Amino acid sequence: MATYKVTVATGSYLMAGTMDYISLTLVGERGQSPKHALNTFGKDFIPGCVGKYNVKVEQDLGQVLLVRLQKEPFSIFPQDSWYCNEVTVEPPSGKSLRFPCYRWIEGYITVELREGTAKFIYEDDQPLLLQHREVELKKNRDSFRWRAYPGAPWKLDVKSIDDLNSDFKFSLMKMSSLGLTREAAVMELKLKGLLNLHESWKAFEDIERVFWKKKTEVSEYVSHHWKEDPFFGYQFLNGANPSQIHKCTTIPINFPVTDEMVKHSLGDQTSLHDELQKGNIFITDYKVLEGFPANVIQGVQQYIAGPMCLLYRTPADEIIPIAIQISQTPGTESPIFLPSDSEWDWILAKMWVRNADFLVQQGHTHYLSTHLIAEVMLVCTLHQLPSCHPVYKLLFPHFRTTLHSNMIAETKLVEPGGTFDECSSIGSEHFRKYMQRGLEILTYTSLCAPDTFASRGVDKLPKYYFRDDSLKMWTAIESFVSSIVDCYYQDDSSVQRDSELQAWVEEIFTRGFLSRESSGVPSAFKTRAELVKYLTMIIYTCSAKHASINNSQFDFFCWMPNAPSTMRNPPPKSKGTATYEDILKTLPEVSSSCRMMVLDWIQTRPAPDMVPLGNYPNQLFTEEKAEKCIKAFQERLSKISAEIQKRNQDLPLKYYYQDPPLVENSIAM
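Values in this document were obtained by computation on a predicted structure and should not be read as measured data. One numbering rule holds for all chains: residues counted from 1, following each sequence as written. The predicted origin of the model limits local features to residues at a pLDDT of at least 70 and limits the giving and counting of side-chain atom pairs to 80 or more, whereas totals for whole chains, interfaces and linings rest on all residues. Excluding hydrogens and water, the side-chain values take into account all heavy atoms of the structure.

### Quick word on a nonpolar patch on the surface
A cluster of nonpolar residues, L14, M15 and L172, forms a patch on the protein surface that exposes about 350 Å² of accessible area. Helix and strand definitions here come from DSSP, where helices need a minimum of 4 consecutive H or I residues and strands a minimum of 2 consecutive E residues; each element is numbered from the N-terminal end. Position of L14 relative to the elements: it lies in the loop between β1 (2-10) and β2 (21-28). Accessibility here uses a 1.4 Å probe with only protein chains present; expressed as a share of the type maximum, an area under 20% marks a residue as buried, one over 50% as exposed, and anything in between as partly exposed. Residue classification places L14 among the exposed positions, given a relative accessible area of 61%. Within the patch definition used here, like charges are joined within 9 Å and nonpolar side chains (Val, Leu, Ile, Met, Phe, Trp, Tyr) within 5 Å, considering only residues with over 30% relative accessible area and no salt bridge. Where accessible areas are quoted, they stem from the Shrake-Rupley method and a 1.4 Å probe; at the residue level, only the protein chains shown are allowed to cover. Note on definitions: salt bridges are taken to be side-chain nitrogens of Lys or Arg within 4 Å of carboxyl oxygens of Asp or Glu.

### Some points on the pattern of salt bridges
Inspection of every chain in the model, using the stated rule, returns 33 salt bridges. For D341, the salt bridge is made with K575, and the minimal N-O distance between the two is 3.1 Å. Here D341 is found in the loop between β18 (336-337) and α7 (343-384), whereas its partner K575 is found in the loop between α18 (553-557) and α19 (580-586), with 234 residues between them in sequence. Classification of D341 as buried rests on a relative accessible area of 18%. With relative accessibility at 34%, the residue K575 sits in the partly exposed group. Within the structure, one salt-bridge network assembled from shared partners comprises R147, K155, E375, E410, E415 and R432.

### Comments concerning the environment of R456
Assignment of secondary structure puts R456 in the loop between α13 (449-455) and α14 (465-488). C-alpha of R456 to C-alpha of I283: the two residues are 173 residues apart in sequence and 10.0 Å apart in space.

### Notes on helix α5 (residues 259-266)
Of all the positions in α5, only V262, S265 and L266 are classed as buried. Down the axis of α5, the buried side of the element spans an arc of 85 degrees, and every buried residue falls inside it. Facing away from the buried side of α5 by over 90 degrees, the exposed positions are E260 and H264. The contact criterion used is simple: two residues touch if any of their non-hydrogen atoms lie within 4.5 Å. Contacts from the buried residues of α5 go to α6 (272-278), β16 (308-313) and β17 (319-325). Trailing α5 by a residue or two, G267 shows a phi angle of about 95 degrees, which is positive. Arc definition: it is the arc formed by the directions from the helix axis to the C-beta atoms.

### Describing the packing of α7 against helix α9 (residues 402-414)
Packing of α7 against α9 brings their axes to within 10 Å, and their N-to-C directions diverge by 130 degrees. Classified by the angle their axes make, α7 and α9 are oblique. Relative to α9, α7 is oriented so that their crossing is left-handed. Between α7 and α9, the residues in contact are Y367, H371, L372, A374, E375 and L378 and T402, L403, S405, N406, A409, E410 and V414, respectively. Only the stretch in contact is used when fitting a helix axis, every axis being a line fitted to C-alpha atoms; angles between N-to-C directions are given from 0 to 180 degrees. Angles are sorted into four bins: roughly parallel if under 35 degrees, roughly antiparallel if over 145, roughly perpendicular if 65 to 115, and oblique for all others. Left-handed describes a crossing in which the near helix is turned anticlockwise from the far one by less than a right angle; the clockwise case is right-handed.

Quick look at the structure:
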């Protein structure tokens, strides 16, 4: 007779326990144990509980390969879900074995868990374990099916959040927090009579009364400095869309800026040609928006433009705008606006740039380049990598809440009747077309932090805190990923022979980037270095990059004139005509402004159950070597946090969006 000591750990989530009947079977290389009931009198599996059991078998099972958990009806109690953390098995001889689960077990089903050591397919020599891999992947492919969108990344084929597996839903705590946050904001606006007020703002000062208490240090700063040219330029470096600015080496032929035009900004001691040669001229170009169909809100036609903005790095290391053309086509009806123009001409021109920047931030930088790309990578991970694969174990914590977040975006924002229809100049009717345009220009270079800064010529630009912090975070993530890869892939050939890994990266290339070779995204790996870079890109995208783009939205968008979500009048065709009243009639009306502010407030509130980057409460890795890698990663992130906080002490406007304790492990909103 052999006795196996078994512990079963239930998660600490609200409602994680179950009243259902739970039994366990140990499956070894020499046979299996009888079905062993884990229930005793009362509720065995309460949240946070660790149950201990002795499982007796007539003979030694040899190596325990699988733990089989069976969930069945108990008495008259209705079915309820159970969140199982893990099962540990201590055999009669030898060390204790861990069988990670970390998922919701729903319905009356049987779940098989394999021992937690990470394994490649070519390392599995047991037919039972090979079969387990195949069954798991087939089940995932059947459960997580694709839905194709012509010209855009494919998405998971689900119609509502209710259709999502519970493992990918927000916690009850988070859902309650989101609901309360939204209701409080909406109620405040209703009490003020602003939420359904479809008319122009009477004055900028009226916007200050939208929210009494929902303000931040940054949003207050924005409301006081938004008209200033240095702050306008600052936002291209450290605002909510800090990936748009490029060094300009040659003035574009369709942006005919002359020395005479910018002399007022550059001064008499230099010229546009000289500053181009010195590397002090930069540009933001929104040609992706040119000619794009605009939305109609409450029966009123909205407008979209694809402006270009020329910027100058001053001797004081400030970035200031020196010329703006609101369209891509120069001519008498598309004048180049300058700081020397009338006050309202120049402010209106900058507003068109800020509107374009807002649209690119929402659709391309944020939704496409983080949310949609992460969803593709998650679904491909489920399709191609079993849970015992080391890359699955590495990446899965960084996909924790992606699907729920994306479903909220799809059903509440971009679908007909959503927030974009109510507030944005790009409505639901043409949003998919916008994703197609965005995907055409999305590249591997733009997704990899060191590469994008170098390619845009901004790797030496001073006071670019987003870049500085991104590179620190990228390096820390890369070091962590490299240490994990080195633990499991002994050489380049082990990467090449990993058939599951190669199928994974190929499916991402096919479904996410539509096999577009010009994107530069790899479709196969030949070396460990290629794999490390790719995995670093994924974790960086889902954590630090998303945090910097998402968490800054309320700060920079709350003051609506700084980031108008739509424009109600077409771009001016001549100079000297803009007035204060014209601008108020061009900016979003009251209701649209307020609804967008509510969205920004909700998106940037930290979740009560936030998991910061580098924290892994679900211990999918069981090997000590992997745990050491995680600890080293955490120590490195702690040092980065200290560096960021020290730097911020001397800044008039703190930049904290990539401070590791404030960066979520996964895309959470």
